[in-house]
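Observations on the three-dimensional arrangement
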Amino acid sequence: MANIEVQNLNKCFGDNVALSEVDLSIPDGSFVVLLGPTGAGKTTLLRLIAGLDHPDSGRVVIDGVDCTQRTPAERNVAMVFQQYSLYPHMSVKENLAFPLKSRMLSVTESEINRKIDAISQTLRIHHKLSNKATELSGGEMQRVAIGRALVRNPNIYLMDEPLSSLDAKLRSELRIELTRIQKDIGGTFLYVTHDQIEAMTMATHIGVLEKGKLIQFGTPREVYDHPSSVSVAARLGQPRINIVDATIFPGSPRAAKFIGFRPEQLELGAEGLQTLIKRVERLGDQTRLHLSLGEISIVTVTDPHTELKAGETLSIKPKAPFFFDSEGMRI
Amino acid sequence: MAEIEIKNLRKEFGEFVAVQDSTFKVEDGEFFMLLGPSGCGKTTTLRMMAGLELPTSGQILIDGEDVSFKRARERDIAFVFQMYALYPHLNVRQNLEYPLKSQGFSKALINEKIAEVAAILRIEQLLNSPVGRLSGGDRQRVALGRAIVRDPCAFFMDEPLGALDAEFREEMAEELRALHDRMRATTIYVTHDQLEAMQMGDKIVVMNHGVIEQFGVPQDIYDWPATKFVADFIGSPAMNFLSLGHYKLCPGDSVVAFNDHQIKIPNNLEDFDGHLDMGVRPEHITLSRESEGIPATVLASEYLGTTQIVSVQVDRSVLKARVSATDDYMIGSPINLVFDARNISLFDHSSGKALRSDANQEVLAGG
């Protein structure tokens, strides 16, 4: 396992700036999730670290060694993609053994068997070892693909949306499993997703990317509780944070252009501004209230069995809100 | 607008019974959800209501009139499918005009209707664009628009948001519901997504294997599931189950035992003798470091911002608790579980049916 340092990385594809001045430090044994919308540069960054693409400028340093010009094999990284790329004519066991059979590694047969045994137990595919890869369900195939990365002992595991093609139930199971595996083996993970739940639940650190820039890096709690900008604040949390003009609520600092408060960051029924309840949405474990304040829509959450009804008024007051300047940066 | 009643509806495809014996009523102006996993019979039910499929037996009444064997076009219903089904060589306006032209409306009336629908859907600026150049959301809006211009008595939608990605789906779901709030047209909506059903529906029918498991308003179904299937299908994470083994219960019992621990339950109303399961929602479990409660071990915690989901092991079961994100739970550490006595369901393990109690009897009697 290793520390990875990305220094001032830049990458363009034609006129399109894919990455711009990205600095990122991935500590040994951490689970770093890169979060961002489509086109933010997440996959490009992953591919530059893997060595599948080369940067226009900047460096990729693995354990103090500049690897920017090295091939993927020389960097000793393991990758898992969204599409489980297994060898269809091979059995599960042969698929898992494949990365170990490289001549460069010279792993003994008994060592290979021991590793496959351990990994297939962890991933709960032990009973399928002799099946053909094509005889597996989607979830099983993805676990084999993950297993094929895990049998190796690389500097870093790179994963590009590995769960996005699975159904919701399996995804939530594998989220827990992946977190557990990462802790067990103490590996360094760099994981790309656009799913905020995956980022929040699995990461030791989240890197939020937008338009090729790394706009915040920190623990999930830091990023959620202390977003550095409007766009980071809007990326985490469901329902999404309310962002309105700072002048709407009294007491905003003078430099503030916007005020942001998550649905749960509102005092209801206290002294504050009068809103109209447009819709009461009962989700079972919580009830969402869709409010209107003049032309502005605001969402809040409240007790599941609230007596409040559409058409009634409700006064609201932000508690410990965030303030942002005209650039959208946190004050 | 319309009130739709389904009575003892059944559909067989050869040996296969797609819908067994469905009875429910859709009130005028309701946003009504048919919810269930794939193959449960929800789409077949909708297709029979629309007249695209004839029932094997049973009745479909629209505003009191028996339409069971009437053709689709005699039912005055508009259908919106998952795939947008637009004419790719026509522009937005021409796509919207199409159903009206075929009904022989005047040019002036058509223009008036299209202007109205475009305003409702906020696609005025797109009227002259070819549909091929539209985003997924705009295509869905046009598909809806084509249903709305006909001014039908009801809208039928089969997973209309299924093809959209998660973030955008949420947005469209809100938009669709807001549209319904403006128009108040009776809408029947098929989905396999429980959150979508909870979020948008006035009422929900939950189906499984061709059988209606429960019928009612979303919060009642969430709070007091009629069966284990419903308890498991609705809610994320789902309701937790704890097997209590073989058990005898009498009316008036208000405590059950798990190992040596007493668990308070809502006052039971049934005589029961059999394998009993207890069900509790994640937010009704408290994690305690005091000596009270049922001993468990922390397996995992998933941070979600304001709350976290903590997985714990009790005997051979894994339960999930939704608790505040401010506390830390070390993996592998012991913790005690306390259940909220007001919110516990009991299920007959073999039939999956909920036992009636003071707390759920009203809901169960209703659906």
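For the structure given in this document, a descriptive report is provided here. Treat the numbers as computed from the prediction; the structure is a model and nothing was measured.

Right, let's talk about the overall build of chain B for a bit. When its secondary structure is counted, chain B shows nine helices and 20 strands. Counting the 367 residues in chain B, one finds 53% classified as buried. Taken as a whole, chain B presents about 16,200 Å² of accessible surface, with 49% of it coming from carbon and sulfur. Taking the average location of the 36 positive side-chain charges in chain B and that of its 53 negative ones, the two points are 7 Å from each other.

Moving on: the packing of aromatic side chains. In the structure shown here, the tally under the stated rule is 15 aromatic pairs over all chains. Aromatic side chains B:Tyr87 and B:Tyr98 sit 4.7 Å apart centroid to centroid with 45° between the ring planes, which places their arrangement in the tilted category. Of this pair, B:Tyr87 sits in the loop between strand 6 (77-80) and helix 2 (92-101) while B:Tyr98 sits in helix 2; the two residues are eleven residues apart in sequence, bridging distant segments of the chain. Since its relative accessible area comes to 30%, B:Tyr87 is described here as partly exposed. A relative accessible area of 44% places B:Tyr98 in the partly exposed class. Among the aromatic side chains, those forming a connected cluster through ring pairs are A:Phe31, A:Tyr157, A:Phe189 and A:Tyr191. Lying over the aromatic face of A:Tyr224, A:Arg262 brings its terminal NZ or CZ to 4.0 Å of the ring centre. Residue placement shows B:Lys228 over the ring face of B:Phe241; its charged tip is 4.8 Å from the ring centre.

Turning to helix 6 (residues 168-185) of chain A, a few remarks are in order. Residues and elements named next belong to chain A. Over its 18 residues, helix 6 extends 26 Å from the first C-alpha to the last, a length consistent with the 26 Å expected when each residue adds 1.5 Å. Along helix 6, the residues classified as buried are Leu170, Leu174, Arg175, Glu177, Leu178, Thr179, Ile181 and Gln182. Looking one or two places after helix 6, you find Gly186, whose phi comes out positive at around 65°.

What follows covers a negative patch on the surface. Among the surface-exposed residues, B:Asp76, B:Glu112, B:Glu116 and B:Asp151 lie close enough to one another that they form a single negatively charged patch. By the secondary structure assignment, B:Glu116 is in helix 3 (residues 107-121).

Residue and element names in this part refer to chain B. With 18 residues, helix 5 (residues 166-183) ought to run about 26 Å at 1.5 Å a step, and its terminal C-alpha atoms sit 26 Å apart, in line with that. Turning to helix 5, its buried residues are Glu170, Met172, Ala173, Leu176, Arg177, Leu179 and His180. Looking one or two places after helix 5, you find Arg184, whose phi comes out positive at around 55°.

We now examine the interface of chain A and chain B. The interface of chain A with chain B comprises 26 residues on the first partner and 29 residues on the second. Around 2,200 Å² of area is buried between chain A and chain B when both sides are counted, 47% of it from carbon and sulfur atoms. When residues of chain A are sorted by the area they lose upon contact with chain B, A:Ile176, A:Arg221 and A:Arg279 head the list and together hold 25% of the total. Here chain A is connected to chain B by four salt bridges. The salt bridge involving A:Arg288 is made with B:Glu170; its shortest N-O contact spans 3.2 Å. Applying the counting criterion to the chain A and chain B interface returns ten residue pairs in polar contact (both at pLDDT 80 or more).

A few words on the sheet that holds strand 20 (residues 344-348) of chain B. Residue and element names in this part refer to chain B. Pairing is antiparallel across the open sheet formed by three strands, whose spatial order is 11-14-20. The two strands at the open ends of the sheet, each matched to only one other strand, are strand 11 (240-249) and strand 20. Here the average twist between neighbouring strands, direction ignored, is 30°.

Tracing the chain through its elements places A:Leu166 in the loop between strand 7 (156-160) and helix 6. Sequence separation between A:Leu166 and A:Gln82 is 84 residues, and the spatial gap between their C-alpha atoms is 9.5 Å.

Now for the sheet that holds strand 17 (residues 307-314) of chain B. All names here are of chain B. Spatially, 15-19-16-17-18 is the arrangement adopted by the five strands of the open sheet, whose pairing is antiparallel. At either end of the open sheet lies a strand with only one pairing partner, and these are strand 15 (285-288) and strand 18 (317-324). Taking the axes of each pair of neighbouring strands and ignoring which way they run, one obtains an average angle of 45° across the sheet. Bridge count for strand 16 (residues 294-303) against strand 17 is six bridges, and the pairing is antiparallel. The residue of strand 17 that forms the bridge with Val298 is Val312.

With that settled, the discussion passes to the pattern of salt bridges. All names here are of chain B. Within this structure, the stated rule accounts for 31 salt bridges over all chains. Here Lys70 and Glu65 are joined by a salt bridge, their closest N and O atoms 2.5 Å apart. Using a relative accessible area of 28% as the deciding quantity, one classes Lys70 as partly exposed. Judged by relative accessible area, Glu65 falls into the partly exposed class, the value being 39%.

With that settled, the discussion passes to the side chain of B:Asp223. Relative to the helices and strands, B:Asp223 resides in helix 7 (residues 218-223). One buried charged residue, B:Asp223, remains without a salt bridge, the closest side chain of opposite sign being B:Arg281 at 6.2 Å. If we ignore the near neighbours within four places in the chain, the residues touching B:Asp223 are A:His305 and B:Ser345.

Moving on: unusual backbone geometry. Residue A:Pro239 is bonded to the preceding A:Gln238 through a cis peptide linkage, with omega at -5°. Structurally, the position occupied by A:Pro239 is in the loop between helix 9 (230-235) and strand 11 (242-245). With an omega of -5°, the peptide bond between B:Ser236 and B:Pro237 qualifies as cis. Tracing the backbone shows B:Pro237 in the loop between helix 8 (228-233) and strand 11. Non-glycine residue B:Asp76 carries a positive phi angle of around 60°.

Here is what the cut-offs are and how they apply
Residues numbered from 1 in each chain as written. Chains lettered and ligands numbered in written order. Predicted model: local features only at pLDDT ≥ 70, side-chain atom pairs only at ≥ 80, totals over all residues. Heavy atoms only, no water. Helix = DSSP H or I, 4+ residues; strand = E, 2+ residues; numbered from the N terminus. Buried < 20%, exposed > 50% of the residue type's maximum accessible area, 1.4 Å probe, protein only. Areas by Shrake-Rupley, 256 points an atom, 1.4 Å probe, with all protein chains shown as cover. Lys, Arg positive; Asp, Glu negative; His and termini not counted. Charge placed at Lys NZ, Arg CZ, Asp CG, Glu CD. Phe/Tyr/Trp six-rings, centres within 6.5 Å; stacked < 30°, edge-to-face > 60°. Lys NZ or Arg CZ within 6 Å of the ring centre and 35° of its normal. Expected span 1.5 Å × (residues − 1). Patch = residues over 30% accessible without salt bridge, like charges linked within 9 Å, V, L, I, M, F, W, Y side chains within 5 Å. Salt bridge = Lys/Arg side-chain N within 4 Å of Asp/Glu carboxyl O. Contact = heavy atoms within 4.5 Å. Buried area = accessible area lost by both parts, 1.4 Å probe. Polar contact = N/O pair within 3.5 Å; in protein donor to acceptor, adjacent residues only side chain to side chain. Pairing = 2+ DSSP bridges. Axes fitted to C-alpha atoms, helices over the stretch in contact; angles between N-to-C directions.

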